[in-house]
Amino acid sequence: MPRRLVVAVALVSLVSGRAAARNPEQPETARPLGTEQTFIDHTTFAPFWFGAELNTIFQTHPAFSAAYTGDHSLTPGAEAAVSGLFTVFLAYQPHRTTEIILDAEMAFGGGVSSALGVGGFTNMDVVRNPSLSSEPYVSRFEIHQMIPLTREWEENTDRGPITTFKMVPRHRIELRIGKMATVDLFDINPAGGDSHLQFMNWTDDNNGAYDYAADTRGYTYGLVVEYQGPFLEVRFGEMLMPKVANGIDIDFDVTQSHSEQLEVELKYLRRAKWAGTLRVLGYENFANMGDYRAAIAAYLANPVTNPDVTASRRAGNTKLGFGLNVIQQLGGDVRVFARGGWNDGRHESFAYTEVDDTFEIGADLAGTWWRRPIDKIGLAFVTNGLSDAHREYLRLGGHGFLLGDACAFTAASCAQRAGGYLRYARENIVELYYNAHIWRGAFAAADVQLVDNPGYNQDRGPAWVFSLRGHLEF
């Protein structure tokens, strides 16, 4: 670790410790020996928060059957890749209802096949554009303000880098503005949403059909307003879209490019060890998106090159979608969850991945039964699909930013096959992981994924992907 970073960590930790001594109102909560899950103690109150994560994933897949391979295909030959993500979390509370969050990240390495060829890609940490620099960057910079609606305060059970308040009003309005990740706040699922401790697949950790506003690295600028209560939560977000599909630059022309999302969260069961929560999400994106039908029509009128959806881009085009998300505890050690999602699929996949409809079901089990209470084993199945226009675009040889099994139209080695390039089928994925707690903030995991019809193509796969993950939590 660089000397400057070591010094910075030491100084922040020292300041945090002194601040805690000046604020004895929040006593430290003792934990049973061996159950600490971070290297730094975050149980004491302090106006400063410091944390960090280091996550690294090794993935490999053996060779699999493929009738043909294009520029955006999952490579059928055996391959391996290593990715890494280092994040530093900083927060400061100038007032008990106000916090300022500043996070920085550094991503390195890459994914198998440069993260191409699968709608539900197998490694959530991988940057979708491998040409991006591995230099550190600011991932979050936001102001988070609570407005109490009651005098009754309670312990914050969601305390962490996204909300560092120790105590929160039972009923409150929360405002956030700045740079953030949309899925920090929307489509959350406690059993299927953390690629560092749970599943690794994009469409197991998020709703694949939720083309949520984000740049290539997964962040954007926005304003989020929430009501939070013990039984009901409602949140609305106004976010900015990238300038181009999978782009790193955000479009600040809000008259033509923006995204609205509205989510209602119902805590329908609050019994200890039997809690259940349902989230209903709707969103609409406005961006400089291409139209699949227009790209198909242009190709059929003059078939001298592959269809190109980017040639039909028009500012202000829209995409509408919704999602359902449910989690249910079964006795404390078992959680089952499910997601469903759909978007209209008329305009190009723009910010997340190439999925137009999805359904996921899964569960996880704590290791209490074998005397390792922090260990987790999880199993999930997800099936992803494309709209009629999207699949026809790919069948005719088009490319998205992730998918496209066709080679260039003029390549002699990729003469157009009778019936097109894509024999469509739903992309079905099964993922199984075991996450082991080693000591304090050290974890290790093994993971296996079976991807059937990668890239929605019956002529390719199935592909097995095997993973090992190391995680350090500070």
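Scroll up to find the structure.
In every chain, residue numbers begin from 1 and rise along the written sequence. Side-chain atom pairs in this predicted model are given and counted only at pLDDT of 80 or more, local residue features only at pLDDT of at least 70, and totals for whole chains, interfaces and linings cover all residues. Side-chain descriptors were evaluated using all non-hydrogen atoms of the structure, hydrogens and water having been removed beforehand.

J.: Break down helix α4 (residues 388-395) for me, citing the residues and quoting the values.
T.: Regarding α4, the residues found buried are Ala389, His390, Tyr393 and Leu394. Looking down the long axis of α4, one finds its buried residues gathered within 135° of arc, a one-sided arrangement. In what follows, residue pairs with any heavy atoms lying within 4.5 Å of each other are defined as contacts. Runs of E in the DSSP output that reach at least two residues are strands. Runs of H or I that reach at least four are helices, and both are numbered from the N terminus. Buried positions along α4 lie against α3 (292-301). Just beyond α4, the residue with positive phi is Gly397, at close to 105°. Accessible area is worked out with a 1.4 Å probe on protein chains only. A residue is then buried under 20% of its type maximum, exposed over 50%, and partly exposed in between. Note that the arc is computed from the directions linking the helix axis to the C-beta atoms.

J.: Explain the nonpolar core to me, and be specific about the residues and the numbers.
T.: Formed by 49 residues in total, the largest nonpolar core has its most connected members in Phe121, Tyr210 and Tyr393. Of all the secondary structure elements, the ones that give two or more residues to this core are β11 (276-289), α3 and α4. Those residues within four positions of Tyr210 in sequence are excluded, and the remaining contacts are Thr182, Val183, Phe186, Asp187, Gln261, Leu281, Tyr283 and Tyr352. As used in this record, nonpolar core signifies buried Ala, Val, Leu, Ile, Met, Phe, Trp, Tyr and Cys residues forming a set joined through side-chain atoms within 4.5 Å.

J.: An account of the pairing of strand β2 (residues 79-95) is needed here, citing residue identities and associated values.
T.: Across a regular strand the side chains alternate sides, sitting on one face of the sheet and then on the other. Note: two strands are recorded as paired if DSSP finds a minimum of 2 bridges between them. Of the strand pairs in this sheet, strand β1 (residues 48-61) and β2 are connected by 14 bridges, and their pairing is antiparallel. Looking at β2, one finds that Leu54 is bridged to Phe86. In this structure, the hairpin formed by β2 and strand β3 (residues 98-109) is closed by a connection of 2 residues.

J.: Go over empty space enclosed by the protein, please, and point to the residues and values.
T.: Lining residues are those with an atom within 4 Å of a point, where the points come from a 1 Å grid over the protein atoms alone and group into cavities, where a 1.4 Å probe fits but cannot get out, or pockets, open sets with protein on both sides within 12 Å along at least five of seven lines. Grid points are joined across faces, edges and corners, and a volume is the space filled by probe spheres set on the points. Taken as a whole, this structure holds 1 cavity of 30 Å³ or more when the rule is applied. Taken as a whole, the largest cavity encloses approximately 50 Å³ of empty space. Looking at the largest cavity, the residues that line it are Leu394, Leu403, Gly404, Asp405, Tyr421, Leu422, Gly455 and Asn457. Amino acids outside the nonpolar list (Ala, Val, Leu, Ile, Met, Phe, Trp, Tyr, Cys, Pro) and the charged list (Asp, Glu, Lys, Arg) are all regarded as polar, and Gly is one of them. Tallied by class, residues from the lining of the largest cavity come to 4 nonpolar, 3 polar and 1 charged.

J.: How would you summarise the packing of aromatic side chains if you had to cite specific residues and measurements?
T.: For any pair of aromatic rings, the description consists of the separation of the ring centres together with the inter-plane angle of the planes. Centres within 6.5 Å make a pair out of two Phe, Tyr or Trp rings, where for Trp the six-membered ring is used; the pair is then stacked when the planes are under 30 degrees apart, edge-to-face when over 60, and tilted otherwise. For the coordinates displayed, the defined rule picks out 16 aromatic pairs. Ring geometry for Phe199 and Tyr433: centres 4.8 Å apart, planes at 85°, overall edge-to-face. Note that Phe199 is positioned in the loop between β7 (172-180) and α2 (202-205) and Tyr433 in strand β16 (residues 427-439), a separation of 234 residues in sequence. On the basis of relative accessible area, Phe199 is assigned to the buried category, the value being 0%. Judged by its relative accessible area of 1%, Tyr433 falls in the buried class. Ring centres of Tyr210 and Tyr283 lie 5.0 Å apart, and the angle between their planes is 55°; this geometry places the pair in the tilted category.

J.: Explain the environment of Phe401 to me, and be specific about the residues and the numbers.
T.: Checked against the element boundaries, Phe401 lands in the loop between α4 and β16. When its relative accessible area of 14% is taken as the criterion, Phe401 is described as buried. Separated by 51 residues in sequence, Phe401 and Phe350 place their C-alpha atoms 8.2 Å apart. With near-sequence residues (within four places) excluded, Phe401 lies in contact with His72, Leu116, Ala245, Asn246, Ser349, Phe350, Ala351, Tyr352, Thr353 and Glu354.

J.: Describe in detail the side chain of Glu260, supporting the description with residues and values.
T.: Tracing the chain through its elements places Glu260 in strand β10 (residues 258-269). Here Glu260 is buried and forms no salt bridge, its nearest opposite-charge partner Lys319 lying at an N-O distance of 15 Å. The contact partners of Glu260, leaving out residues within four places of it in the chain, are Phe236, Gly237, Glu238, Gly282, Tyr283, Glu284 and Phe286. Positive charges are assigned to Lys and Arg, negative charges to Asp and Glu, while His and the chain termini are left out of the count. Any carboxyl oxygen of Asp or Glu within 4 Å of a side-chain nitrogen of Lys or Arg constitutes a salt bridge here.

J.: Report on the pairing of β16, specifying residues and quantitative values.
T.: Pairing of strand β15 (residues 372-385) with β16, which is carried by 9 bridges, proceeds in the antiparallel orientation. Bridging from a neighbouring strand, Phe381 pairs with Val430 of β16. Relative to strand β17 (residues 442-452), β16 runs antiparallel, the two sharing 11 bridges. Counterpart to Trp439 in the pairing with β17 is Ala442.

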